[in-house]
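# Structure at a glance
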Amino acid sequence: MFEIKRYTPDLATEWNQFVATSKNGTFLFDRNYMDYHADRFTDFSLMIYRRGKLYALLPGNVDGDTFYSHQGLTYGGLLMNGKATAADVVEIFKLLAEKWRSMGLKKVVYKPVPWIYHEQPSEEDLYAIVEVFDVRITRSLSTTISREQPNTWYRIRKSGAEKALQAGVVIEETEDYQPFWKILSANLQERYSLKPVHTLDEIMLLHERFPEQIRLFVAKEDCETIGGCVLYLTNQVVHSQYIAANPRGRELHALDGLFEQVISLSFCHHRFFDFGISTENQGTYLNKQLIYQKEGFGGRGICYDWYKWLL
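My aim in this report is to walk through the structure given alongside it, one point at a time. (Residues numbered from 1 in each chain as written. Predicted model: local features only at pLDDT ≥ 70, side-chain atom pairs only at ≥ 80, totals over all residues. Heavy atoms only, no water.)

A few words now on the overall build of the protein. Helix and strand counts for the protein come out as ten helices and 17 strands. Taken over the C-alpha trace, the protein has a radius of gyration of 20 Å; the compact-globule value for 311 residues is 19 Å, and the two agree within 12%. Once the C-alpha set of the protein is aligned to its principal axes, its extents read approximately 65 × 35 × 35 Å. Split into buried and exposed, the 311 residues of the protein put 53% on the buried side. For the protein, long-range pairs separated by at least 24 residues make up 74% of all intrachain contacts whose partners lie at least 6 apart in sequence. When the accessible surface of the protein is summed, it comes to about 15100 Å², and 48% of that surface belongs to carbon and sulfur atoms. Here the protein contributes 35 positively and 39 negatively charged side chains, and the mean placements of these two sets differ by 5 Å. (Helix = DSSP H or I, 4+ residues; strand = E, 2+ residues; numbered from the N terminus. Rg over C-alpha atoms; globule rule 2.2 N^0.38 Å. Buried < 20%, exposed > 50% of the residue type's maximum accessible area, 1.4 Å probe, protein only. Contact = heavy atoms within 4.5 Å. Areas by Shrake-Rupley, 256 points an atom, 1.4 Å probe, with all protein chains shown as cover. Lys, Arg positive; Asp, Glu negative; His and termini not counted. Charge placed at Lys NZ, Arg CZ, Asp CG, Glu CD.)

Pasting the structure below:
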């Protein structure tokens, strides 16, 4: 009943069309996004057909003896259309297990799309992998605000937004990523000895490809950028991909002022505003200071899970 094919670039149009109409896909699975870092990963994305028609997709890559879904993405997992049934998805994972074993693979790391991004209920895969495999879970915690049931802001966040306004901090959208990237890079280096996942050239390329989905809002004092936030917009969710402020921005509470405007604008069209994870070391350490700041804007916990199993 099912046929599994490995993705090749000549299938990009068919792949992208399925992503656009799937019940749990986002623009991160469009090949124009996925393939910006194709040189870093050995792509082994799979396309599942049922009676000759595309039924599901599994973005993925192989590293050593492990299949990942996908190392270069925040989340991955099986992408399904509205016709996908639980029994079919169980059968698909049994067939995937056979394929992975035939390739000599020994392990799978599976990162499903969190439910806040789903257009329809889409957790058939989470049931299927538990039925078919002996699964171990790694769990990270994100902070999300619901438009339908927002929580009250902490007083410190409200006060900060008022101080930013009084100080004349201006919030605006811009396509000039360079000033913000300097602030972001300096912060990550100072606090964690890390660099942004994307280089400046990469984020500008992705913004050019997805101008409506990848957007930058900055806080300015006298025309100088002192903080900002890169947002990823999907149908359901506005996700803050990067957040940073320089010392002057922190002094003026620029991010409090920025999020007061950005969250309000987001809820005109989206159900959720997601700040991203506040856990480190694959979820084993909670950055309490970071999550306190996000919870201060009214956010509460959403899990980003990784499922691992041996073949």
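Structurally, S159 is set in helix α5 (residues 155-166). On the basis of relative accessibility, which here comes to 25%, the residue S159 falls in the partly exposed class. Spatially, the C-alpha atom of S159 lies 9.5 Å from that of G257, the residues being 98 residues apart in sequence.

Before going further, it helps to examine unusual backbone geometry. Omega for the peptide link from S69 to H70 comes to 5°, which places this bond in the cis form. Mapped onto the fold, H70 is located in the loop between β6 (66-69) and β7 (79-80). Positive phi outside glycine occurs at Q282, with the angle close to 55°. Note on placement: Q282 falls in the loop between β15 (279-280) and β16 (285-286). Under the relative-accessibility criterion, Q282 is labelled partly exposed at 46%.

Right, let's get into the side chain of H239. Topologically, H239 is positioned in strand β13 (residues 237-245). We classify H239 as buried; its relative accessible area is 9%. Beyond its immediate stretch of four places on either side in the chain, H239 contacts Y117, V230, L231, Y232, D274, G276 and Y304.

A word on the sheet that holds β7. With respect to topology, four strands assemble into an open sheet ordered β1-β3-β4-β7, the strand pairing being antiparallel. Every other strand in the sheet has two partners, leaving β1 (2-6) and β7 as the edge strands with one partner each. Taken together, the five bridges between β1 and strand β3 (residues 46-50) define a ladder with antiparallel strand orientation. Looking across to β3, one finds that F2 is bridged to R50. (Pairing = 2+ DSSP bridges.)

Within β3, four of the five residues are buried, which leaves it mostly tucked inside the rest of the structure. Of the pairings in the sheet, the one linking β3 to strand β4 (residues 53-58) comprises five bridges and is antiparallel in character. Paired with Y49 across the two strands is L54, which belongs to β4. Connecting β3 to the next strand, β4, in antiparallel fashion are two residues, including R51 with a positive phi near 50°.

Attention now goes to the side chain of S45. Tracing the chain through its elements places S45 in the loop between β2 (42-43) and β3. The exposure class assigned to S45 is buried, which follows from its relative accessible area of 0%. Here G60 takes part through its backbone nitrogen, which lies 3.1 Å from a polar atom of the side chain of S45. Among residues more than four places away in sequence, those in contact with S45 are K5, R6, Y7, W15, R31, M34, L58, P59 and G60. (Polar contact = N/O pair within 3.5 Å; in protein donor to acceptor, adjacent residues only side chain to side chain.)

Function cannot be read off these values alone, since they describe shape.
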